[in-house]
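Residues per chain, in single letters:
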Amino acid sequence: MNRASASASDVPIQCFRDLVHVAGDWRRLELEAGSPFSTHAWATAWSDNLGEDCEFRVLRFADSDGHALALVPLCLEISHGVRLLRFVGHGPADELGPVCAPAKREQIASRLLSELAEWDDWDVFLAERLAGNGWSDLLGGRTLRREPSPELAIETTDWDEFLNARSSNFRQQVRKFERRLVRDHGLRFRLADDPERLDRDMTSLFELHDARWGARTTAFPQSLKPFHRELAALALEQGFLRLVFAELEGRPAAVWYGFRLGGADWFYQQGRDPAWAR
């Protein structure tokens with residue numbers, strides 16, 4: 001920790017230069033944030049594999065009793081002579097921002113701006129991949145680009161109940177093709193839950209993704225594979241990894257890579273063997 005300064009509410013804001021000293025607060029607050037990209041696991045894997053040229057500045061915002069309200073994980077980078085402040089985890093993350101409950105973002109934004117105004121060693125705060133619920137407006141910056149992040153609400157966790165709410169044609173198609181794959185090719189679904197096998201499973205993910213998308217994909221370049229391997233191991237250990245395979249004739253034919261956190265399943269990537277396209 002390098003210093004503490006007075007915030008807009010006269011409660012000290014602590015600034016840490018590493019991810020270790022705030023790990024306990026982070027693990028608690030990430031459950032309130034409910035996003036895999038706000039987890040300590042994501043930040044740790046990113047720091048270990050992609051953050052070697054960064055100076056970390058993790059801001060801890062507290063209430064009047066000193067209890068952590070939020071963490072804002074930042075890093076200082078120099079690019080073409082410009083001193084950039086960015087969120088830890090940028091690049092592979094789909095959604096970034098403060099690690100706190102969404103309802104607290106407005107309060108944190110005001111205090112963050114007051115804190116950053118006191119720093120004189122940065123030129124641009126590049127706040128990427130912010131959640132689309134007003135956080136960017138709260139910071140008062142200039143929006144460069146917006147991208148959709150679709151959500152699908154599913155009211156049940158029972159597969160038969162879900163199918164019964166669909167059209168008869170949809171039900172028939174799903175059940176017919178599944179029965180045929182089970183009968184002719186031994187279809188089975190497997191959740192990757194074995195730490196000893198996880199590295200091989202991640203290799204299968206990369207291979208199936210490349211097989212489906214070929215040269216068009218930029219999701220898993222060689223530089224990002226170590227990050228995803230470490231992230232998957234941490235996420236499996238902490239119980240929020242969802243790496244699911246559809247296996248045919250005893251071999252992976254398709255894969256779904258994502259996370260389960262905050263009452264939602266977060267899709268990240270997928271892949272499949274084109275030989276089974278029909």
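Above this text sits the structure in question.
Below: a short report on this structure.

Calculation rules
- Residues numbered from 1 in each chain as written.
- Predicted model: local features only at pLDDT ≥ 70, side-chain atom pairs only at ≥ 80, totals over all residues.
- Heavy atoms only, no water.
- Helix = DSSP H or I, 4+ residues; strand = E, 2+ residues; numbered from the N terminus.
- Buried < 20%, exposed > 50% of the residue type's maximum accessible area, 1.4 Å probe, protein only.
- Contact = heavy atoms within 4.5 Å.
- Lys, Arg positive; Asp, Glu negative; His and termini not counted.
- Charge placed at Lys NZ, Arg CZ, Asp CG, Glu CD.
- Salt bridge = Lys/Arg side-chain N within 4 Å of Asp/Glu carboxyl O.
- Core = buried A, V, L, I, M, F, W, Y, C linked by side-chain atoms within 4.5 Å.
- Pairing = 2+ DSSP bridges.
- Axes fitted to C-alpha atoms, helices over the stretch in contact; angles between N-to-C directions.
- Phe/Tyr/Trp six-rings, centres within 6.5 Å; stacked < 30°, edge-to-face > 60°.
- Lys NZ or Arg CZ within 6 Å of the ring centre and 35° of its normal.

## Overview of the overall build of the protein chain
Reasoning step 1: Helix and strand counts for the protein chain stand at eight helices and ten strands.
Reasoning step 2: Across its three principal axes, the protein chain shows a C-alpha extent of roughly 70 × 40 × 35 Å.
Reasoning step 3: Scored against the burial criterion, the 278 residues of the protein chain give a buried share of 41%.
Reasoning step 4: Once local pairs closer than 6 in sequence are excluded, the contacts in the protein chain between residues at least 24 apart make up 60%.
Reasoning step 5: If the 35 positive side-chain charges of the protein chain are averaged to one point and the 43 negative ones to another, these points end up 8 Å apart.

## A few points about the side chain of R242
Reasoning step 1: The topology assignment puts R242 in strand β8 (residues 241–248).
Reasoning step 2: Within the buried core, R242 has no salt-bridge partner, and the shortest N-O distance to an opposite charge, that of D265, equals 5.2 Å.
Reasoning step 3: Aside from chain neighbours lying at most four places away, what touches R242 is L191, W256, Y257, G258, F259 and R260.

## A look at the nonpolar core
Reasoning step 1: L59, L112, L241, L243, Y257 and F259 are the most contacted members of the largest nonpolar core, which has 65 residues in total.
Reasoning step 2: When residues in this core are grouped by element, the largest group, seven residues, is from strand β4 (residues 68–79).
Reasoning step 3: Apart from residues lying up to four places away in sequence, L243 is in contact with R190, L191, A192, L198, D201, M202, L205, V255, W256 and Y257.

## Thoughts on the environment of F227
Reasoning step 1: With respect to the element layout, F227 can be found in helix α8 (residues 225–238).
Reasoning step 2: Sequence separation of F227 and R212 is 15 residues, and the distance between their C-alpha atoms is 21 Å.
Reasoning step 3: Not counting chain neighbours up to four residues away, the residues in contact with F227 comprise W42, A45, W46, N49, L50 and P92.

## Regarding the environment of L234
Reasoning step 1: Inspection of the secondary structure assignment puts L234 in helix α8.
Reasoning step 2: As a C-alpha pair, L234 and W42 span 192 residues in sequence and 8.4 Å in three-dimensional space.
Reasoning step 3: When near neighbours in sequence (up to four residues on either side) are disregarded, L234 contacts A41, T44 and A45.

## Quick look at unusual backbone geometry
Reasoning step 1: The phi torsion at H80 lies on the positive side, around 55°, for a residue other than glycine.
Reasoning step 2: The topology assignment puts H80 in the loop between β4 and β5 (82–87).
Reasoning step 3: Of note, the phi angle at E249 is positive, near 55°, even though the residue is not glycine.
Reasoning step 4: Within the secondary structure, E249 is located in the loop between β8 and β9 (251–261).

## A few points about the pattern of salt bridges
Reasoning step 1: Overall, the coordinates contain 20 salt bridges when judged by the stated rule.
Reasoning step 2: With its nearest N and O atoms 3.9 Å apart, the salt bridge here joins R197 to E247. Taken together, the residues R197 in the loop between β7 (188–191) and α7 (198–213) and E247 in strand β8 connect sequence positions 50 residues apart.
Reasoning step 3: The class of R197 is partly exposed, set by a relative accessible area of 30%.
Reasoning step 4: Using a relative accessible area of 4% as the deciding quantity, one classes E247 as buried.
Reasoning step 5: Among the charged side chains, a salt-bridge network with shared partners connects R188, R190, R197, D201 and E247.

## Overview of the sheet that holds strand β10 (residues 264–272)
Reasoning step 1: Spatially, β7-β8-β9-β10 is the arrangement adopted by the four strands of the open sheet, whose pairing is antiparallel. Edge strands, defined here as strands with exactly one partner in the open sheet, are β7 and β10. Pairwise comparison of adjacent strand axes, ignoring direction, gives a mean angle of 20° for this sheet.
Reasoning step 2: Examined bridge by bridge, β9 and β10 share eight bridges and lie antiparallel to one another. Each residue of the ladder has a partner; that of A254, found in β10, is R272.

## Side note on the packing of aromatic side chains
Reasoning step 1: The full count for this structure, using the stated rule, is 16 aromatic pairs.
Reasoning step 2: Residues F37 and W266 carry aromatic rings whose centres are separated by 5.9 Å and whose planes lie at 85° to one another, so their mutual orientation is edge-to-face. On the criterion of sequence distance, the pair formed by F37 in the loop between α1 (23–33) and α2 (40–50) and W266 in strand β10 is long-range, its members being 229 residues apart.
Reasoning step 3: Residue W266 is classed as partly exposed on the basis of its relative accessible area, which comes to 21%.
Reasoning step 4: Taken together, a centroid distance of 6.3 Å and an interplanar angle of 85° make the contact between W46 and F56 edge-to-face. Of this pair, W46 sits in helix α2 while F56 sits in strand β3 (residues 55–62), placing them ten residues apart in sequence. The same class applies to W46 as to F56, namely buried.
Reasoning step 5: An aromatic cluster is present here, built from F37, W42, F206, F220, F227, F240, Y257, F259, W266 and Y268 joined pairwise through their rings.
Reasoning step 6: Between R57 and the ring centre of W119, over which it is positioned, the NZ or CZ distance is 5.0 Å.
Reasoning step 7: Looking at R166, its charged tip hangs above the ring of F162, at a distance of 4.4 Å from the centre.

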